[in-house]
Amino acid sequence: MANLNIDELLKSVFSDKVAFDIKEEFDKKIEEYGLSKTKALKLLNIDKDVFEEIINGSAKQPNLIHIVKLAEFLERDINEFITVVLRNQSPENIASIESARKTTFVMKHFDVKTLTKEGFFQANEDIDSMVSKILDFFGFNSIAEYEEQLEEPLYSRSRRRLFSDKMKDFWIKSAYQTFRTINNPNEYDRERLKDLIPKIKPYTENIKEGLLIVCKALYSIGVTVIFQNYLSTTLVRGATFIVNKKPCIVLTDYLKKYPTIWFTLLHELHHVLFDFQEIERNSFHLSGDADLFLTEEKADTFAREYFMPEDNFHYIKRFIYNAYMVSRFARENEMEVSLVYSFYAWYQQELYGKNYHGAFKEFYPDYTSAVERLHPLKWSDVNIKAASEKIKDVLELN
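Since we're looking at a predicted model, the values are computed, not measured. (Residues numbered from 1 in each chain as written. Predicted model: local features only at pLDDT ≥ 70, side-chain atom pairs only at ≥ 80, totals over all residues. Heavy atoms only, no water.)

Once that is clear, we can look at the overall build of the protein. The secondary structure content of the protein amounts to 21 helices and four strands. Taking 2.2 N^0.38 as the reference for a compact globule, 398 residues should give roughly 21 Å; the C-alpha atoms of the protein span a radius of gyration of 29 Å, well beyond that estimate. Taking the principal axes of its C-alpha atoms as reference, the protein extends roughly 100 × 40 × 40 Å. The buried share of the protein, reckoned over its 398 residues, is 50%. Split by element, the accessible area of the protein, about 19700 Å² in all, is 49% carbon and sulfur. Side-chain charges in the protein split into 53 positive and 62 negative, and the spacing between the mean points of these groups amounts to 3 Å. (Helix = DSSP H or I, 4+ residues; strand = E, 2+ residues; numbered from the N terminus. Rg over C-alpha atoms; globule rule 2.2 N^0.38 Å. Buried < 20%, exposed > 50% of the residue type's maximum accessible area, 1.4 Å probe, protein only. Areas by Shrake-Rupley, 256 points an atom, 1.4 Å probe, with all protein chains shown as cover. Lys, Arg positive; Asp, Glu negative; His and termini not counted. Charge placed at Lys NZ, Arg CZ, Asp CG, Glu CD.)

Below, the discussion takes up empty space enclosed by the protein. If you roll a probe as big as a water molecule over the atoms, it shows you where there is empty space left. Counted under the stated rule, the structure contains one cavity of 30 Å³ or more. Considered as a void within the structure, the largest cavity measures approximately 40 Å³ in volume. Every residue along the wall of the largest cavity is listed here: Phe-179, Asn-183, Asn-184, Val-243, Asn-244, Lys-246 and Cys-248. (1 Å grid on protein atoms, 1.4 Å probe; cavity = no way out; pocket = protein on both sides within 12 Å on 5 of 7 lines; lining within 4 Å. Points joined across faces, edges and corners; volume = space filled by probe spheres on them.)

Our next topic: the pairing of strand 2 (residues 238–243). Among the six residues of strand 2, six are classified as buried, and the element is accordingly described as predominantly covered. On strand 2, burial covers both faces: Gly-238, Thr-240 and Ile-242 on one face and Ala-239, Phe-241 and Val-243 on the other are all buried. Sheet topology note: the strand 2/strand 3 (residues 246–251) ladder contains six bridges and is antiparallel. In the sheet register, Gly-238 faces strand 3, and the bridge partner there is Leu-251. Following strand 2, the chain reverses through two residues before pairing antiparallel with strand 3; Asn-244 in that reversal takes a positive phi of roughly 55 degrees. (Pairing = 2+ DSSP bridges.)

A side chain with one charge may pair with a side chain of the opposite charge, provided their charged atoms come close. With the rule as written, the count across this model stands at 19 salt bridges. Taking the shortest distance from any N to any O, the salt bridge between Glu-75 and Lys-29 comes out at 2.8 Å. Placement of the pair is Glu-75 in the loop between helix 5 (64–73) and helix 6 (78–87) and Lys-29 in helix 2 (residues 22–33), with a sequence separation of 46 residues. Under the relative-accessibility criterion, Lys-29 is labelled buried at 9%. For Lys-194, the salt bridge identified is with Glu-191, shortest N-O distance 3.6 Å. Placement of both Lys-194 and Glu-191 in helix 12 (residues 190–196) is noted, with a separation of three residues, approximately one turn of the helix. Judged by its relative accessible area of 38%, Lys-194 is partly exposed. (Salt bridge = Lys/Arg side-chain N within 4 Å of Asp/Glu carboxyl O.)

This paragraph deals with the sheet that holds strand 2. Taken in spatial order, the four strands make up an open sheet running 1-3-2-4, and their pairing is mixed. Each edge of the sheet is formed by a strand with only one pairing partner; in this case those strands are strand 1 (224–227) and strand 4 (284–287). Strand-to-strand twist of the sheet, defined as the mean angle between neighbouring strand axes without regard to direction, takes the value 15 degrees. Here strand 1 pairs with strand 3 via four bridges, running parallel. Counterpart to Phe-227 in the pairing with strand 3 is Leu-251. Packed on one face of the sheet, helix 14 (residues 258–274) meets strand 1, strand 2, strand 3 and strand 4 and runs near 155 degrees to strand 3. (Axes fitted to C-alpha atoms, helices over the stretch in contact; angles between N-to-C directions. Contact = heavy atoms within 4.5 Å.)

Purely geometric stuff here, so don't read any function into it on its own.
Here it is as structure tokens:
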């Protein structure tokens, strides 16, 4: 007899697959064995009334031992037989089974405590409301549709699910579904991306509009960029997905610093340029995650050398406390001044073991204005479809 698979069993109860008729099967079997109904039930040690309750669905709590005995007698798989019995249940019993199915779905896939803290769920929200909110957020009509359309493209190919963090899973699926809904119509052009990257740096000086202008340019060559909140439990500072054979980038407010967002963008663009096929095989890549299948140092070095090579650090370190000289150096190198201080702090830590990461805070602009229009997705009050339309409208403006 096959082992019980409760999750698959609950799914099958609400599927459209045609089930067999227990009474019809039982009648065929006793005819085959040359037994009367009374004799067969006596041999099975099942009361006639109990048998009738099982097959017509009136048993409030069907006895599992009787179910197993009947499945054996009819030579049916236990999962298949239980599914038929459950489908025959009264509306009240079916409702309780459906509630169990919903509860299993929510508890298996979602970190309810953290999502409540984030405002996605409300305290003391019932299971029906939670499921409705999930399906509405992701844009699906049923639990089955959610599982089929989000599990398969992300996890069923060469990539194994190497983590068990439910919030990371939520974060990944939220980003993926956003990209799929945006559905960038422009073809990805790697050569144009190579031409565009050297032109990006000056836009760091335009704090309010620079990032958005760059992201519009990237969108026009098939690279979609969005912003999602950094979650401390995920350790993910950014990500690159391949959706419909086009690269898609997620930026986060990791460290909540303006320079870090630009660094992350260049880091992810390195993955797009040089790791496209690897990412496509694995569906996505998470930067800053402990689960790494790419060489992160290459992407970090690319972004760091792009903004501030080590020789530039050795030059500016002599003048770092002279705001005028640092500002002039930033202008000469076509980048916003906070990037100079940020990379200075990194080199001090890397080369000399000195911690400057809390220094020069007065020179760091508020990053929120830079990402505001790339970040309409608020988990507490909007769904992915609505947010994606807002992002698409912004990115497609000429």
